[in-house]
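Residues per chain, in single letters:
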Amino acid sequence: MTIAQNLQTIRKAITETAVGCGRDPSTIKLVAVSKRHSIASIQEAMDAKQYLFGENYIQEAQEKWQSVKGVYFHCIGHVQSNKAKTAAELFSMIETVDRYKLAKALNKHLEKLGRSLDILVQVNIGRDPDKSGIDPLKTGEILRQIRELPHILPQGLMTIPPYTTNSEETRTYFRDLHQLSCDLAQQGLFADNENVELSMGMSHDFKVAIEEGATIIRVGTAIFGQRPDRN
Ligand SMILES: *Cc1c(COP(=O)(O)O)cnc(C)c1O
């Protein structure tokens, strides 16, 4: 299967799943996760009209950003605070803000750049010790702190649920994140409380995520195939 064919299959699945649960398919954004895949793969996806990509590693994203124009990158990996400057320059959205220190560092650089940046707060919805993200109970607190940072626009929440092959178990995590976002929106803690972004769902579980309200899905393997090993 080519990248173009895979994209077509996924777009069809997004539409069918959305329509099946009474949602408008155009409210769901597909982030093509290109980490560890080549620039040629990104260009192949662009030829099939995919212009939004997800990258995990700052240096890799920087190299790609310099050679591929006309696309947007979301940061979906852990960001060290000392990489905040580069991250603020490169990404159209940082989905993985999980501590105030990082938000503050980003804000400082954005002030110099004279612009603002969309971010998501990464929540460890399953309280999985192996996963990053903030404890669900502390999400309100960090959003209140972020509200004081004029260049950071918190658009919603992102999560990576604990790994399980049971899609119904995954569903409860997605449902919990959705509920949390509704509670926080009610408190007025997002940049736009009528349109809160929920980034959840990957290759194996994006349909369930859409059924539970995802507005951003992050799909790598199902588009680009197996990732090459990191060397
Ligand atoms: C790698 C990665 C993905 C993509 O996972 P696939 O299973 O390849 O679709 C999605 N989200 C995050 C945070 C990732 O690191």
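Residue positions are given per chain, counted from 1 along the sequence in the order it is written. Where totals are concerned, whole chains, interfaces and linings use all residues; where local detail is concerned, this predicted model gives features only for residues with pLDDT of at least 70, and gives and counts side-chain atom pairs only at 80 or more. Note that the side-chain values use all heavy atoms of the structure and ignore hydrogens as well as water.

**Student:** I keep staring at the pairing of strand β4 (residues 93–97) and nothing clicks. Help me out?
**Tutor:** Both faces of the sheet carry side chains from a regular strand, because those side chains alternate between them. Only protein chains enter the accessibility calculation, which uses a 1.4 Å probe; a residue whose area is less than 20% of its type maximum is buried, one above 50% is exposed, and one in between is partly exposed. A run of DSSP states H or I qualifies as a helix once it reaches four residues; a run of E qualifies as a strand once it reaches two. Both are numbered from the N-terminal end. Of all 5 residues making up β4, 5 are buried, and the element is well covered by its neighbours. Pairing between strands requires that DSSP locate at least two bridges from one strand to the other. Note that strand β3 (residues 72–75) and β4 share 2 bridges and pair parallel. Bridge pairing in β4 places H74 opposite M93. Handedness of a crossover: with both strands directed away from the viewer, a clockwise path from the first strand across the helix to the second marks it as right-handed. Crossover β3 to β4 through helix α4 (residues 84–90) is right-handed. Note: β4 against strand β5 (residues 117–122), 3 bridges, orientation parallel.

**Student:** Sorry, what's going on with the pattern of salt bridges here?
**Tutor:** Pairing between side chains becomes possible if they bear opposite charge and their charged atoms approach one another. Salt bridge, as used here: a side-chain nitrogen of Lys or Arg that lies within 4 Å of a carboxyl oxygen of Asp or Glu. For the structure shown, the criterion picks out 12 salt bridges. E89 is paired through a salt bridge with K85; the nearest N and O atoms lie 3.4 Å apart. Pair noted here: E89 and K85 are both in helix α4, with a separation of 4 residues, about one helical turn. Classification of E89 by relative accessible area gives partly exposed; the value is 32%. Taking the relative accessible area as the measure of exposure, K85 reaches 45% and is therefore partly exposed. Note that D128 is salt-bridged to K131, the shortest N-O span being 3.8 Å. Judged by its relative accessible area of 12%, D128 is buried. Counted as one network, the salt bridges with shared partners bring together E168, R171, R175, E211 and E212.

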